[in-house]
Amino acid sequence: TPPELIRNFCIIAHIDHGKSTLADRMLQLTGIVDERAMRAQYLDRMDIERERGITIKSQAVRMPWESVAGTADAAGPRGKESQTFCLNMIDTPGHVDFTYEVSRSLAACEGAVLLVDAAQGIEAQTLANLYLAMENDLEIIPVLNKIDLPAAQPEKYAGEIAGLIGCDPEDVLKVSGKTGEGVEALLDRIVEVIPPPVGDPDAPARAMIFDSVYDTYRGVVTYVRVIDGNLNPRERIVMMSTKATHELLEIGVISPEPVVSDGLGVGEVGYLITGVKDVRQSRVGDTITNLRKPAERALGGYRDPRPMVFSGLYPIDGSDYPVLRDALDKLKLNDAALVYEPETSVALGFGFRVGFLGMLHLEIVRERLEREFDLDLISTLPNVEYEVTMEDGTLVEVTNPSEFPTGKIRSVTEPVVRATILVPSEFIGAVMELCQSRRGALRGMDYLSEDRVEMRYTLPLAEIVFDFFDQLKSKTRGYASLDYEPDGDQDADLVKVDILLQGDQVDAFSSIVHKDAAYAYGVRMASKLRELIPRQQFEVPVQAAIGSRVIARETIRAIRKDVLAKCYGGDISRKRKLLEKQKEGKKRMKMVGRVEVPQEAFIAALSNE
Ligand code: GDP
Ligand code: MG
């Protein structure tokens, strides 16, 4: 397809604002899915199938659309001089943890449809992605969806959107993905206002990877947007970040099933297969070029995925450790951002320290491990990465609180984020209170309309990973929405609090907290453990300490426990049974110094936060 006839776009929308339903209507109207094959959320279904390893995920769908718009005769009547355009709809992931992936999907497009529920208005997530799209110079097409709903307020929200992107409220399209109303007009608008891709067809090939998915049968499927030159089957390609070369076994487009093609040219979007088995060898953001005639410079914007949140993952049943190791090795094939290394803990045994992009990423990985690999896991409290500068100038990076150095510390830095919160104006006070209690600094505030505000904060990432979103929701009766992105590191007054049982440190409970929060953390953990740990034959002090300074103390009183005493020396088999039982119980006991602690106590202390 000649570039003049190509339009590459994505849809920016908050979850539930109707992206999948609108995509369905587009698939139908452009005729690539016929009435009989149509089912709701067509592209999402393929997602589920992909999870089971059957189909290729359609990250980019190609649709033909006949239109007069955008041609030289655009002014002419409809039907005259119409041409068939090639629309590529590129999917964008919808969560803050994946901002980098979103930025690469946007970079593969010239335009974005900003889809907003006409009964809800714009949300923080959408706003953040809209700003990203504007930074990437994309043409924005504002659209209000669900206008069929009785609760829709298209006038109000058209005003909000117009204020944000600086257009006329009249220019905001009104559609219903459900009834199909306005969707044809939207497709025409896409052809009309989104610029065609530009690139040099004679230059050495350069294609940007905007997604990379592992498929059990086909290996890694890589989604690319060609910028310059062209890619052809059977030639050798080079990944410019690593210089690794691969043979192109297959190249094609998705429409909406994969269709093999004989190459991709300037501006085209499609998939390719090289037989690699690990998404790390085909990284989002990387540039692909041709081995025979390689490009000199890669496209800008490549970035290694950087884990932001860390947690220890341990099998509840210690004998599952090899299963956990294999499961992580498998997930890694599919997830370039997942990093881990073995770790041992006094309290929890053998496990792994795992790095994640954020809390959602952590939850997804944990759920997949439990569901797909049938593992029962315990995870330690998530923490961020700290940089500690010692008095003598040495630098220590800490991803596990128990590694926090002792000795003279000059300074500690922690990662901070730039957060955007959208909220009805009546909750401004509640949001400010919450953000202040989380060491936040207000950077600015704007009214989107009379009764809705956008609040911008700098917050420590560590404060956000800790139930911030839940608190925000409950303090605003569910109305607030939140988005954030990394914003470097900042000095902070942080200390490590250790928890000791009879003087021995319990590693899994060490935590790095702000000086002002140390006492509260210490008291809470000490009293929790006093309740959870059964009495021993001797008295056990539970202490919280910063270095050698004890800041909280509880005591577990001693008892004499003798299970056989109850049997009065009578029934031998009953005695034996009890002994067996006690032995079994012992297996799941962990020794901290002389203190026996059932593993359940550790698990309970870590989980019911
Ligand atoms: P997504 O999360 O953005 O992909 O949203 P979906 O397409 O899954 O839609 C979320 C919900 O809104 C579903 O229950 C849809 O049936 C409903 N929905 C989507 N578009 C419309 C619309 O135009 N009108 C109405 N009334 N409901 C819609
Ligand atoms: Mg959806």
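Just so we're clear, the structure is a prediction, and the values are computed from it rather than from any experiment. (Residues numbered from 1 in each chain as written. Chains lettered and ligands numbered in written order. Predicted model: local features only at pLDDT ≥ 70, side-chain atom pairs only at ≥ 80, totals over all residues. Heavy atoms only, no water.)

1. Details of the sheet that holds strand E2 (residues 60-67)
Going by this rule: At least two DSSP bridges between two strands are needed for those strands to be called paired. Comment: elements are numbered from the N terminus, with helices defined as DSSP H or I runs of at least four residues and strands as E runs of at least two.
Taken in spatial order, the 6 strands make up an open sheet running E2-E3-E1-E4-E5-E6, and their pairing is mixed. In this open sheet, the two edge strands, each paired with only one partner strand, are E2 and strand E6 (173-174). Pairing of strand E1 (residues 6-13) with strand E3 (residues 83-90), which is carried by 5 bridges, proceeds in the parallel orientation. By the bridge assignment, Asn-8 is partnered in E3 with Asn-88.

2. Points about the layout of surface pockets
Here is the rule: Whether a set of points on the 1 Å grid over the protein atoms alone is a cavity depends on a 1.4 Å probe fitting there but being unable to get out, while an open set qualifies as a pocket with protein on both sides within 12 Å along at least five of seven lines; lining residues are those with an atom within 4 Å of a point. Grid points are joined across faces, edges and corners, and a volume is the space filled by probe spheres set on the points. Residue polarity follows a fixed list, in which Ala, Val, Leu, Ile, Met, Phe, Trp, Tyr, Cys and Pro are nonpolar, Asp, Glu, Lys and Arg are charged, and the others, Gly among them, are polar.
Computed from the structure, the second largest pocket encloses a volume of approximately 680 Å³. Residue lining of the second largest pocket: 34 residues in total, with Phe-466, Ser-511, Ile-512, Val-513 and Tyr-521 positioned closest to the centre. Of the residues in the lining of the second largest pocket, the class split is 15 nonpolar, 10 polar and 9 charged.

3. Things to note about the nonpolar core
Put simply, the test is: Put simply, buried Ala, Val, Leu, Ile, Met, Phe, Trp, Tyr and Cys residues joined by side-chain atoms within 4.5 Å make one nonpolar core. Three exposure classes are used, based on accessible area relative to the maximum for each residue type with a 1.4 Å probe and protein chains only: buried under 20%, partly exposed in between, and exposed over 50%. Note on definitions: a residue-residue contact is assigned when non-hydrogen atoms from the two residues lie within 4.5 Å.
Core analysis: the biggest nonpolar cluster contains 51 residues, and Leu-369, Ile-421 and Phe-468 have the highest contact counts within it. Apart from residues no more than four positions distant in its own chain, Leu-369 is found in contact with Leu-313, Leu-324, Ala-327, Leu-328, Leu-331, Asp-374, Leu-375 and Leu-377. Grouped together as the second largest cluster of nonpolar side chains are 41 residues, Ile-12, Ala-60, Leu-130 and Ile-161 included.

4. Some details on the pairing of strand E14 (residues 287-290)
Of the two faces of E14, both are covered, the one formed by Thr-287 and Thr-289 as well as the one formed by Ile-288 and Asn-290. Here strand E7 (residues 206-215) runs beside E14; their pairing, made up of 2 bridges, is antiparallel. Along E14, the bridge assignment pairs Ala-207 with Ile-288. As paired elements, strand E9 (residues 236-239) and E14 share 3 bridges and run antiparallel to each other. Counted as the bridge partner of Met-239 is Ile-288 from E14.

5. Structural notes on the confidence of the model for the protein
Caution applies to low-pLDDT parts of the model: their predicted coordinates are not meant to be read in detail. The condition is simple: Values of pLDDT, ranging from 0 to 100, describe the predictor's confidence in every residue of the model.
Taken residue by residue, the protein gives an average pLDDT of 88. The fraction at 70 or more is 90%. Every residue in residues 52-57 scores below 50 in pLDDT, and together they form 23 contacts with partners more than four places removed in sequence or on other chains. Quick note on the complex model: pTM equals 0.81, ipTM equals 0.99.

6. Concerning the packing of aromatic side chains
To keep it simple, the criterion reads: The rule is short: rings of Phe, Tyr and Trp, with Trp giving its six-membered ring, pair when the centres are within 6.5 Å, and they are stacked under 30 degrees, edge-to-face over 60, tilted in between. Lysine NZ or arginine CZ positioned within 6 Å of the ring centre and within 35 degrees of the ring normal marks a charge as sitting over the ring.
Tallied over the full model, the rule gives 6 aromatic pairs. Chaining the aromatic ring pairs together yields one cluster made of Tyr-321, Tyr-340, Phe-350 and Phe-352. One residue, Arg-594, lies across the ring of Phe-538, its end atom 4.1 Å from the ring centre.

7. Comments concerning the UniProt feature "binding site: GTP" (unreviewed entry) in the protein
To keep it simple, the criterion reads: UniProt positions are given in the numbering used here, feature names are shortened, and annotations may be inferred rather than shown by experiment.
Within this structure's numbering, the places UniProt gives as "binding site: GTP" (unreviewed entry) are Asp-16, His-17, Gly-18, Lys-19, Ser-20, Thr-21, Asn-145, Lys-146, Ile-147 and Asp-148. The topology assignment puts Asn-145 in strand E5 (residues 139-145). According to the relative accessible area criterion, Asn-145 is buried, its value standing at 2%. If sequence neighbours within four positions are ignored, Asn-145 has contacts with His-17, Gly-18, Leu-115, Val-116, Asp-117, Ala-118, Val-175, Ser-176 and Gly-177.

8. Concerning a nonpolar patch on the surface
For clarity, the threshold we go by: Surface patches are defined over residues having more than 30% relative accessible area and no salt bridge, joining like charges when they lie within 9 Å and nonpolar side chains (Val, Leu, Ile, Met, Phe, Trp, Tyr) when within 5 Å. To be clear on the numbers: accessible area is Shrake-Rupley with a 1.4 Å probe, and residue cover counts the displayed protein chains and nothing else. One side-chain nitrogen of Lys or Arg within 4 Å of one carboxyl oxygen of Asp or Glu is enough to make a salt bridge.
A grouping of Leu-442, Met-445 and Tyr-447 is seen on the molecular surface, where their side chains present a nonpolar patch of about 280 Å² in accessible area. With respect to the helices and strands, the residue Leu-442 is situated in strand E22 (residues 441-449). Taking relative accessible area as the criterion, Leu-442 reaches 40% and is therefore assigned partly exposed.

9. A word on the site of ligand 1
Put simply, the rule reads: Only heavy atoms are used to decide nearness, and a residue is near a molecule or strand if one of them lies within 4 Å of it. For this analysis, a polar contact is any N or O atom pair within 3.5 Å, provided that within protein one partner can donate a hydrogen and the other can accept it, and provided that sequence-adjacent residues contribute only side-chain to side-chain pairs.
Surveying the vicinity of ligand 1 reveals 16 residues, the closest of which are Asp-16, Ser-20, Thr-21, Gln-41 and Asp-148. Here Lys-19 contributes a backbone N or O atom positioned 2.7 Å from an oxygen atom of ligand 1. Ser-176 is positioned with one of its side-chain polar atoms (N or O) 3.1 Å from an oxygen atom of ligand 1. Look at ligand 1: alone it shows 580 Å² of surface, and the protein chains cover 75% of it. With 3 residues, the top contributor of residues to the shell around ligand 1 is helix H1 (residues 19-29). Broken down by class, the residue content of the shell around ligand 1 amounts to 2 nonpolar, 9 polar and 5 charged.

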